[in-house]
Amino acid sequence: MNGMANKVYEIVNQRIIQKIQEAIKGKDVLPWQKPWVYANAPQNYVTGRKYRGVNNLLLDSGEYITWNQLCELQKQSSNLKLKKGCKKEMVVYFNFSEYDKEKLDNNGKAVIEKQRIPFLRYYNVYNINDVEGLESKIQEDSFYHDPIEKAEQIAQHYFDRENIKVIHLKGNKAFYSPMTDSITLPLRSQFPLIENYYSCLFHEAGHSSGASNRLSRNIINTFGDNQYSKEELVAEMTASMLLGYC
């Protein structure tokens, strides 16, 4: 493997590790664990082509544009410009390069033979949310569900009794906030399966049970330590048991 490929592999590894750490800390969402839909798989804004392979781990959902593509669009509209302080994202691609190599055949005669060498490269893209004047071309999926009566009863009884506020926002995060004693969830219509909505709801409700005025668990802890892992298990077991009851 050449030096450039080694460099790209190292950068990719670090980016993925960083995204996993941020996801578990609650700053982002692991793409293979997300039970709701928020936009679609990452894709190129100009071509509409979806990014594949490891790029799905490097990029969040949404649309991306290269610098050259943006420059071409600016020729048509001078209002387009990058926002100050925006962040470049990384896209990698793999291919083969070919060249002619002269060698001797079995008869000692010089012949030209095609040689193929694999290579790994990367380039930078920008999320169109960081480009002033661009609007998304993606039409997001929306799902209609009838509520599951038993699940609604359990959730509403608990939230009313404990005075916990549940906030639904069109977005990409689900979390319980001890500071405001509230649960924030994506819209119900973002979940392809209604069961996954209640799983998410009950998981965050499980976290809320550990507040200081309830069971007083240590729910504000450091990512990766035993308490953090234990609390995640408590929340997931809560969701599992309630779903089973429903």
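In case you missed it, the structure is sitting above this.
Residues numbered from 1 in each chain as written. Predicted model: local features only at pLDDT ≥ 70, side-chain atom pairs only at ≥ 80, totals over all residues. Heavy atoms only, no water.

Asker: Could you give an account of the overall build of the chain, naming the residues involved and the relevant values?
Answerer: In terms of helices and strands, the chain carries six helices and nine strands. Along the first, second and third principal axes, the C-alpha set of the chain runs to 90 × 50 × 35 Å. Total accessible area on the chain stands at roughly 15,800 Å², and carbon and sulfur atoms take up 50% of it. When the 31 basic and 29 acidic side-chain charges of the chain are each reduced to a single mean position, those positions are 6 Å apart. (Helix = DSSP H or I, 4+ residues; strand = E, 2+ residues; numbered from the N terminus. Areas by Shrake-Rupley, 256 points an atom, 1.4 Å probe, with all protein chains shown as cover. Lys, Arg positive; Asp, Glu negative; His and termini not counted. Charge placed at Lys NZ, Arg CZ, Asp CG, Glu CD.)

Asker: Quick rundown of helix H3 (residues 67-76)? Include the residues and the values.
Answerer: By the burial criterion, the buried members of H3 are Gln-69, Leu-70 and Leu-73. Along the long axis of H3, the arc covered by the buried residues comes to 100°, so they all point the same way. Pointing more than 90 degrees away from the buried face of H3 are the exposed residues Asn-68 and Lys-75. As for H3, its buried residues are in contact with strand E1 (43-44), strand E2 (63-65), strand E3 (81-82) and strand E6 (131-132). (Buried < 20%, exposed > 50% of the residue type's maximum accessible area, 1.4 Å probe, protein only. Arc of directions from axis to C-beta. Contact = heavy atoms within 4.5 Å.)

Asker: Could you give an account of the nonpolar core, with specific residues and numbers?
Answerer: One finds Phe-159, Ile-183, Leu-185, Tyr-197, Tyr-198, Leu-201 and Phe-202 to be the most contacted residues of the largest nonpolar core, which totals 20 residues. Looking at this core, the elements that each hand over two or more residues are helix H4 (149-162), strand E9 (182-185) and helix H5 (194-208). Top element by residues in this core is H5. It accounts for seven residues. In this structure, Phe-159 is in contact with Ile-164, Val-166, Ile-183, Leu-201 and Ala-205, ignoring residues within four places of it in sequence. (Core = buried A, V, L, I, M, F, W, Y, C linked by side-chain atoms within 4.5 Å.)

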